[in-house]
Every structure is written in structure tokens, then in C-alpha cells.
Amino acid sequence: MRVLLVEDDADLSRQLKTALADAGYAVDHAADGEEAHFLGDTEPYDVIVLDLGLPRIDGVSVLERWRRDGKTTPVLILTARAAWSDKVAGFDAGADDYLAKPFHTEELLARLRALLRRSAGVASATLSCGGLRLDPRAARASVNGEPLRLTSLEYRLLHYMMMHQGRVISRTELVEHLYDQDFDRDSNTIEVFIGRVRKKVGSDRIETVRGLGYRLTPLPGETEAA
């Protein structure tokens, strides 16, 4: 999953980037409202963490512009403004959640997981596809109870496909959601990662749809994901 972190505090930004990366996210960062608006307008993020007190353009104005332009990406406001009136303004501008500073990083991560589940129409905290299971809280996956050893990019790939299982996902979409802005993106490498993940989860779970992309489904005889 790919997240845009909009925060002008350099120390907090470094801490959050590390925590988000450790939790399996590809992270882009914007330190002011102008850059945030540009990135949110041009890049396909899965979720956005947005501060309100930003240089150049304030967070509420940035959010209002996104929503006015039809951007539906889930947005969590993370700010020192804890007054009820600020919360109302944030929600009315189009925020999906609101977390006041100071905060616990685990709560932030839990709220992001909840936003991602809702945006994908997933109810359970644990993702499953037949005998394949993934726990975003622990960043772990297993097949029929056997733990899988996954690299960070393999985990991101599997996580994204499990959030969108049953749907054909193009290589371009995977590139856009697995890598941060600074990564040297090459859609051909997706085939390599697909091959590696197939070996670990079972080749028949990931179908190649010629000319379109890939689709994750349960094996024949397995029940659909709960």
C-alpha cells in the first residue's frame, strides 16, 4: 500500500516515515500544502496522512481542493489542533478520520488499516483467500497455517492483491501502488516479484490474464475469502 505523508515537522516526518515503512507501506512525503496538493492530485495513493498547519497552503484548503476535484482517497488528519471546531472543519472538508497530536504510532497505524479496509470493502482485520491468510497488524502471511517468508516488496505485492482479490490488476497499477515516488520504477520487475510470490503461495492462486494483468483467487475447492 502506498501512503502520502504530509507533515512539515522534520523530526516527526522522519519518525513516521520509518514507522510506516516498517509496517509495509511505500511512503511519499510532502512538507508543505502546495507539494501535497500536487502529489495527491497526480499520484494514486491508497491513503493520505495530512497535517493542517502547513506552509503555503493549509491542510483544510488542500483537502477541500482534492474533494472538489473528485479525489476519493481516504484522508486521515493528523494535527495539533484538537478543538472540536477544528475536527468539524476537517470532517466537513472531506476527512475520513482525525487524530490529534500527541498520539501513539500504533493508534495511527490501526486507524490507517481501518481506512484501507473500508475503502476496499473488507470487513475483517485479517485478509484471507482460501488457505492463504495475511495479518496487516503483524505484517505476516501464511498458507494453510505455514508462515511465509516474504521480502518487504513481496509483502506489499501480496497485501495489495489480497485487498483487491478477484479483480484483474494491471502491472501499471501494481507499480503505482508498490513503489514510492523516488523508486526507479520498472513494470518489468513486477513479473519477477509475481514469480517469487507464486512460488511461496502456490502458482495457481495468481492467474495471469493475458494483456491485462494478474488476478488472485482461491484454489479450486477452497472457499472464498471471509
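Residues numbered from 1 in each chain as written. Predicted model: local features only at pLDDT ≥ 70, side-chain atom pairs only at ≥ 80, totals over all residues. Heavy atoms only, no water.

**Student:** Please set out the environment of Gly 145 residue by residue, giving values where relevant.
**Tutor:** On the secondary structure map, Gly 145 appears in the loop between strand S8 (140-143) and strand S9 (146-147). Given the relative accessible area of 59%, Gly 145 is considered exposed. (Helix = DSSP H or I, 4+ residues; strand = E, 2+ residues; numbered from the N terminus. Buried < 20%, exposed > 50% of the residue type's maximum accessible area, 1.4 Å probe, protein only.)

**Student:** Pulling in residues and values, what's your account of the pairing of S8?
**Tutor:** Relative to S8, strand S7 (residues 132-135) runs antiparallel, the two being bridged by four bridges. Within the sheet, the bridge partner assigned to Arg 133 lies in S8 and is Ser 142. Direction of pairing for S8 relative to S9: antiparallel, over a ladder of two bridges. By the bridge assignment for S9, Ser 142 is matched with Pro 147. Linkage of S8 to S9, two consecutive antiparallel strands, is achieved through a turn of two residues, within which Asn 144 is found at a positive phi near 50°. (Pairing = 2+ DSSP bridges.)

**Student:** Now, about the pairing of strand S11 (residues 213-216): what can you tell me, with residues and values included?
**Tutor:** The two faces of a sheet get side chains in turn, since along a regular strand they alternate between them. Pairing analysis gives four bridges linking strand S10 (residues 206-209) to S11, with the strands arranged antiparallel. Opposite Glu 207, over in S11, you have Arg 215 as the bridge partner. Hairpin geometry of S10 and S11 is characterised by an intervening segment of three residues between the two adjacent antiparallel strands and by a positive phi of about 80° at Gly 211.

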